Amino acid sequence: VSFNINMLKATPIASVEVSNCAVGSDPTIKVKVNNVNGNIWFTVSDENGNNILTDKIHIENGLAIASISGLASGKYRLHIYSAGTARYNAQTIKTNFEVTKISPELSVAKTTVDGKTVLTASIAEDAPGNVKFEVNGSTYKAQIVKGVATLTLSDLAPGTYTLKTSYAGNYKYLAETKTRSITIK
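What this report covers is the structure whose coordinates are included nearby. In this text, all values refer to a predicted model and were calculated from it rather than measured experimentally.

What about the overall build of the protein?
- Scanning the protein from terminus to terminus reveals zero helices and 15 strands.
- Taking 16 Å as the expected radius of gyration for a compact globule of 185 residues, we find that the protein reaches 27 Å, considerably beyond that expectation.
- Counting only C-alpha atoms and orienting by the principal axes, one finds that the protein spans roughly 105 × 25 × 20 Å.
- Taken over 185 residues, the protein has a buried fraction of 34%.

Here it is in structure tokens:
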């Protein structure tokens, strides 16, 4: 008498978590596994399918956890792979996550110093570049230094004007524009 025994294999990966984050923060991959030892492999690719990183995460106490640093803003694909064992099938799980730009928290104030109008834009301290001020049909640029860009105008006649203050954004910060009225007395 002979007979065959077919063993059903289980899947090794119980769950995968990766959350969206802002530029400058590192997304964390958390893979929960079912009684598997060794490593979990992963690949991060951009939204065009170009591989950016392939690496392994060591499993400890049923979890494989890793942070990915240095990602620019954009949408990413994460592929998690377990090769399987005698008891577990090979398994691939795919998911998406996004790294987003953040607000530079642009604000603008108007003061008067010695009869001159002073416009002061406050922005994130590490934001580089210039702030653009548009007032009375003219456009001015002021360099950002440690989160502040200042412009002094001495030729504005008394009246109410629309002030448009803009930051163009960069790899970390969103472009942002603030519009308000200012009164010159």
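Some points on the sheet that holds strand β5 (residues 51-58)
- The sheet built from five strands is open, its strands ordered β2-β8-β7-β4-β5 with mixed pairing. Each edge of the open sheet is held by one strand with a lone partner, namely β2 (21-22) and β5.
- Judged from the nine bridges that link them, strand β7 (residues 74-82) and strand β8 (residues 91-100) form a sheet pairing that is antiparallel. Paired with Tyr-81 across the two strands is Thr-92, which belongs to β8.

Details of the side chain of Lys-172
- One can find Lys-172 in the loop between β14 (159-167) and β15 (176-184).
- Look at Lys-172 and you get buried, because its relative accessible area is 17%.
- Once residues lying within four places of it in the same chain are set aside, the contact partners of Lys-172 are Val-23, Lys-101, Ile-102 and Asp-126.

Brief notes about the packing of aromatic side chains
- Tallied over the entire structure, the rule returns one aromatic pair.
- Ring centres of Tyr-76 and Phe-97 lie 5.5 Å apart, and the angle between their planes is 20°; on these two criteria the pair is classed as stacked. Placement of the pair is Tyr-76 in strand β7 and Phe-97 in strand β8, with a sequence separation of 21 residues. Each member of the pair Tyr-76 and Phe-97 is classed as buried.

Reading guide: rules and limits
Residues numbered from 1 in each chain as written. Predicted model: local features only at pLDDT ≥ 70, side-chain atom pairs only at ≥ 80, totals over all residues. Heavy atoms only, no water. Helix = DSSP H or I, 4+ residues; strand = E, 2+ residues; numbered from the N terminus. Rg over C-alpha atoms; globule rule 2.2 N^0.38 Å. Buried < 20%, exposed > 50% of the residue type's maximum accessible area, 1.4 Å probe, protein only. Pairing = 2+ DSSP bridges. Contact = heavy atoms within 4.5 Å. Phe/Tyr/Trp six-rings, centres within 6.5 Å; stacked < 30°, edge-to-face > 60°.

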